[in-house]
Amino acid sequence: MKSLSPTTPASGLCIVSPAIQPRPPRTLRCVYRSDSALFPYGIGNRCDWQSSCAILSSKTLSVEHPTAVNGHKSTVDLNLVPFESKDQPLPAPVESPSAAVQPPPKPLTITDLSPAPMHGSQLRVAYQGVPGAYSEAAAGKAYPNCEAIPCDQFDVVFQAVEQWIADRAVLPIENSLGGSIHRNYDLLLRHRLHIVGEIQTPVHHCLMALPGTRPDRLTRVISHPQALSQCEHTLMKIAPQAIREAVDDTAGAAGYIAANNLGDTAAIASSRAAELYGLEVLAEGIQDDSGNVTRFVMLAREPIIPRTDRPFKTSIVFAHEGLGTGVLFKVLSAFAFRDINLTKIESRPHRLRPIRVVEQAEEEGTFKHFEYLFYVDFEASLADPRAQNALAEVQEYTSFLRVLGSYPMDMTPWINPKSDHHHHPKV
């Protein structure tokens, strides 16, 4: 799979622009103390800084000694540009032709990484991808008028919230056609963020290319592997001669075509991506199955208070590690006996103990069993006594149990579009 992400420095927490922009902004660089020659006066105010910080790099450096961010512990050395004080004034800046033209801006300070904004302030929501991605649309739907912060990898989305760069995160967890996104299940266990909500978003794929491109002249179609597989039958009708090529994400594919002026290549992405990168939509709604929906979860540093006045869902993860027979049946029965509906069960390998060896009688030999972690979603709030009693019983049968979050269910009605709602390609 090709990567369209920009290269990043070998170390350090840095924030760089996406590899592809519809309108190239001013040149951005990472902020280090060692980079003072490039930024003799630091960076401007928070608005300027955040507008230029378009995408977070995955090359994040963790240090042993935590740094306090507004009274909260952080495990990253922020390496911010120093500000002038009475005891320690700033050194004389390096003279440059631009210094005489522009007044020195206000340096970036620790307050630019403040905790979650209070009443009326704009939430900062991290998502994986570049502008125009479906995750960006989900972030806007989950938190209207938020400030969306694109990240190049799922790991960075978690780190952005943990390090107070973002207030929330929106991550895809499963798709109605592609199934579970296993990487994000593993990251939920590795990090200590809490699920505070969910949202389901229909996926509406479009085929796009440079203006004036004809479908019968295409030699290649690029997009995320899931998008390519979800549009395979329709692509055979529109551009059977074009080869399929997988890249990192849908919006990134659209930007790649625009940045390299590829007249024989089309991308599968959202209509917003076509608008952002100046591409022409050749065909809309090209997904083979109209019931294509992605479920996203919203993450935060602190859990929300569970309630019983509206439908809630709770997500847990547990491991039993061979504590007797029929353990999984007993765990699931704890919910069934209390009329609690399970909406999802997902198993993932137990990375700390992937294989369990069981010694049998001499004539039977030794058996090896795979060990798993089980992720379960059920329709009940932790404020509900039934859920509390069920988890108390589950704890008796498991060696590990963790609540990932108890949060409101997405009850937004979704109208399934007609299966024949496909726009014919332009010829």
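A brief look at the structure comes next. All values reported here derive from a predicted model rather than from experimental measurement.

### Observations concerning the layout of surface pockets
- Roughly 490 Å³ of internal volume is contained in the second largest pocket.
- As for the second largest pocket, its lining consists of 23 residues, of which P172, I181, H224, Q226 and T294 are closest to the centre.
- Elements with a minimum of two residues in the lining of the second largest pocket: helix 2 (134-142), strand 7 (168-175), strand 8 (179-180), helix 5 (225-230) and strand 15 (293-300).
- Here the lining of the second largest pocket gets 3 residues from one element, more than from any other, and that element is helix 5.

### Here we look at empty space enclosed by the protein
- The final tally for this structure, using the stated rule, is 3 cavities of 30 Å³ or more.
- Volume-wise, the second largest cavity comes out at about 80 Å³.
- In terms of residue count, the dominant contributor to the lining of the second largest cavity is strand 20 (residues 372-378) (3 residues).
- When grouped by side-chain class, the residues that make up the lining of the second largest cavity number 10 nonpolar, 1 polar and 3 charged.

### Observations concerning the packing of helix 9 (residues 327-336) against helix 10 (residues 385-397)
- Where helix 9 meets helix 10, the closest approach of the two axes is 8 Å, and the angle between their N-to-C directions is 170 degrees. Looking at the two axes, helix 9 sits roughly antiparallel to helix 10. Facing helix 9, whose interface residues are V327, K330, V331, A334 and F335, helix 10 presents A390, L391, E393, V394 and Y397.
- Class assignment of the residues belonging to the contact of helix 9 with helix 10 gives a composition of 8 nonpolar, no polar and 2 charged.

### Quick word on the packing of helix 3 (residues 154-162) against helix 4 (residues 182-190)
- For the pair helix 3 and helix 4, the least separation of the axes is 10 Å and the interaxial angle reads 30 degrees. When the axes of helix 3 and helix 4 are compared, the pair comes out roughly parallel. Seen along the crossing, helix 3 lies across helix 4 with a hand that is right-handed. Contact residues: F154, D155 and F158 in helix 3; R183, N184, L187, L188 and R190 in helix 4.
- The residue inventory of the contact of helix 3 with helix 4, partitioned by class, reads 4 nonpolar, 1 polar and 3 charged.

Calculation criteria
Residues numbered from 1 in each chain as written. Predicted model: local features only at pLDDT ≥ 70, side-chain atom pairs only at ≥ 80, totals over all residues. Heavy atoms only, no water. 1 Å grid on protein atoms, 1.4 Å probe; cavity = no way out; pocket = protein on both sides within 12 Å on 5 of 7 lines; lining within 4 Å. Points joined across faces, edges and corners; volume = space filled by probe spheres on them. Helix = DSSP H or I, 4+ residues; strand = E, 2+ residues; numbered from the N terminus. Nonpolar A, V, L, I, M, F, W, Y, C, P; charged D, E, K, R; others polar. Axes fitted to C-alpha atoms, helices over the stretch in contact; angles between N-to-C directions. Parallel < 35°, antiparallel > 145°, perpendicular 65-115°, else oblique. Contact = heavy atoms within 4.5 Å. Left-handed = near helix turned anticlockwise from the far one by under 90°.

By themselves, these are just geometric observations and shouldn't be taken as functional.
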